[in-house]
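As a plain string of letters, each chain reads:
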Amino acid sequence: VPPGYKLFAHLKSPGGPFANGDHDFLSGYLPPQRIKPGSYLRDVTRVQVPPHFPVGKATLQIGLYRRAERAPVSGDPKFALTGERALLLGTIDIE
């Protein structure tokens, strides 16, 4: 991971609004540049869903950002959202 990148986690509704869970990797305990390719790490974060968030299906997306720049993604197009430069982790029902 190039220097200066942080992790974003966005819960996105189909209509556009999203809940933001941007944060430092592993709460800043390990610089992302020290993560070796092929390593698996568990990074836990909470995304607060605001009261005005639309009900229905929402997608959880993650990726890397540095200021206004996002790192490119690649892989299976069902999960690698190349246009958004994000990975789709799953769908959540908001009630």
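In what follows, the accompanying structure is described. (Residues numbered from 1 in each chain as written. Predicted model: local features only at pLDDT ≥ 70, side-chain atom pairs only at ≥ 80, totals over all residues. Heavy atoms only, no water.)

### With respect to the packing of aromatic side chains
Reasoning step 1: In this structure the tally under the stated criterion is one aromatic pair.
Reasoning step 2: Between Phe8 and Tyr65, the aromatic rings sit 6.5 Å apart at their centres with planes inclined by 55°, giving tilted as the arrangement. On the criterion of sequence distance, the pair formed by Phe8 in strand S1 (residues 6–12) and Tyr65 in strand S3 (residues 56–66) is long-range, its members being 57 residues apart.
Reasoning step 3: On the basis of relative accessibility, which here comes to 1%, the residue Phe8 falls in the buried class.
Reasoning step 4: For Arg70, the ring lying beneath its charged end belongs to Phe8, and the centroid distance is 4.1 Å. (Phe/Tyr/Trp six-rings, centres within 6.5 Å; stacked < 30°, edge-to-face > 60°. Helix = DSSP H or I, 4+ residues; strand = E, 2+ residues; numbered from the N terminus. Buried < 20%, exposed > 50% of the residue type's maximum accessible area, 1.4 Å probe, protein only. Lys NZ or Arg CZ within 6 Å of the ring centre and 35° of its normal.)

### As for the layout of surface pockets
Reasoning step 1: The calculated volume of the largest pocket comes to roughly 840 Å³.
Reasoning step 2: For the largest pocket, the lining is made up of 29 residues, of which Leu7, Phe25, Leu41, Asp43 and Ile62 are closest to its centre.
Reasoning step 3: Secondary structure elements with two or more residues in the lining of the largest pocket: S1, S3 and strand S6 (86–94).
Reasoning step 4: Looking at the lining of the largest pocket, the element that brings in the most residues is S3, giving four residues. (1 Å grid on protein atoms, 1.4 Å probe; cavity = no way out; pocket = protein on both sides within 12 Å on 5 of 7 lines; lining within 4 Å. Points joined across faces, edges and corners; volume = space filled by probe spheres on them.)

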